[in-house]
Amino acid sequence: MITRLTRAAIVAEARSWIGTRYRHQGSLKGVGCDCLGLVRGVWRNCIGAEPELPPPYAPDWAEAHGEETLAQAAMRHLMRTEVGDIGAGDVLLFRWREGFVAKHVAIASGEDTMIHAHDGAAVCEVAFTPWWRRHLAHAFRFPGVIE
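Read on for a plain summary of the structure. (Residues numbered from 1 in each chain as written. Predicted model: local features only at pLDDT ≥ 70, side-chain atom pairs only at ≥ 80, totals over all residues. Heavy atoms only, no water.)

Bringing the packing of aromatic side chains into the picture now. With the rule as written, the count across this model stands at six aromatic pairs. Arranged with centres 6.1 Å apart and planes meeting at 50 degrees, the rings of Trp43 and Phe142 form a pair that is tilted. Highlighted residues: Trp43 in helix H2 (residues 35-46) and Phe142 in the segment after strand S8 (136-141), separated in sequence by 99 residues. The burial state of Trp43 is the same as that of Phe142; both residues are buried. (Phe/Tyr/Trp six-rings, centres within 6.5 Å; stacked < 30°, edge-to-face > 60°. Helix = DSSP H or I, 4+ residues; strand = E, 2+ residues; numbered from the N terminus. Buried < 20%, exposed > 50% of the residue type's maximum accessible area, 1.4 Å probe, protein only.)

Another point: the nonpolar core. If you look at the biggest cluster of nonpolar residues, it comprises 26 residues, and the most contacted ones within it are Val42, Val91, Leu93 and Phe142. Of all the secondary-structure elements, those providing two or more residues to this core are helix H1 (7-15), H2, helix H4 (69-77), strand S4 (91-95), strand S5 (102-110) and S8. Beyond its immediate sequence surroundings of up to four residues, Val42 is in contact with Ile10, Glu13, Ala14, Trp17, Ile47, Ile107 and Phe142. (Core = buried A, V, L, I, M, F, W, Y, C linked by side-chain atoms within 4.5 Å. Contact = heavy atoms within 4.5 Å.)

Turning next to the sheet that holds S5. Read across the sheet, six strands follow the order S3-S8-S4-S5-S6-S7 without closing on themselves; strand pairing throughout is antiparallel. Of all the strands in the sheet, the pair left with one neighbour each is strand S3 (79-81) and strand S7 (124-127). Strand-to-strand twist in this sheet, taken as the mean axis angle between neighbours without regard to direction, amounts to 40 degrees. As defined by bridge partners, S4 adjoins S8 across four bridges and the pair is classed as antiparallel. What sits directly across from Leu93, in S8, is His138. (Pairing = 2+ DSSP bridges. Axes fitted to C-alpha atoms, helices over the stretch in contact; angles between N-to-C directions.)

Looking now at the packing of H1 against H2. Packing of H1 against H2 leaves a shortest axis separation of 10 Å and a crossing angle of 125 degrees. With respect to H2, the element H1 is oriented oblique. At the point where H1 passes H2, the crossing takes the right-handed sense. Contact residues: H1 offers Ala9, Ile10, Glu13 and Ala14, while H2 offers Leu38, Val42, Asn45 and Cys46. In terms of residue class, the contact of H1 with H2 is made up of six nonpolar, one polar and one charged. (Parallel < 35°, antiparallel > 145°, perpendicular 65-115°, else oblique. Left-handed = near helix turned anticlockwise from the far one by under 90°. Nonpolar A, V, L, I, M, F, W, Y, C, P; charged D, E, K, R; others polar.)

Considering the arrangement of structural elements, one finds Arg7 in helix H1. You can call Arg7 buried: its relative accessible area is 12%. At a separation of 3.5 Å, a polar atom in the side chain of Arg7 contacts the main-chain carbonyl oxygen of Gly87. Side chain to side chain, Arg7 and Asp90 meet in a polar contact 3.1 Å long. Non-local contacts of Arg7, meaning those with residues more than four positions away in its chain, are made with Gly87, Ala88, Gly89, Asp90, Arg141, Val145, Ile146 and Glu147. (Polar contact = N/O pair within 3.5 Å; in protein donor to acceptor, adjacent residues only side chain to side chain.)

Listed below in structure tokens is the structure:
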């Protein structure tokens, strides 16, 4: 656990997950994780025990319920920030289409990059392209982050 939580520490921890295979509902570095599992693992290694565990969820959970479950959980435990004011270490929530709920999450690693896990691939750092920016629905900071 990191005692002084900096943006650089969050990004370094997220980068240490690069190469971890995708595994639905997983959250173990080097073993397997999904996009939420990546954020959960970074939380555990930077802050400590998770404030709540997610219930079991199917890959189509968002479509099945139509509720902003992921965003609501983020609002309970993270600090909301403006999508136009994101920085390294911030948590980004995406919706695949207008009118859909946010169901994908990543961690900003720089002004134009992010780290995420997605089905069929390993955790990777990718460009935060205009496509991703158009689909960005919410942005949050981990609690206690110092600049």
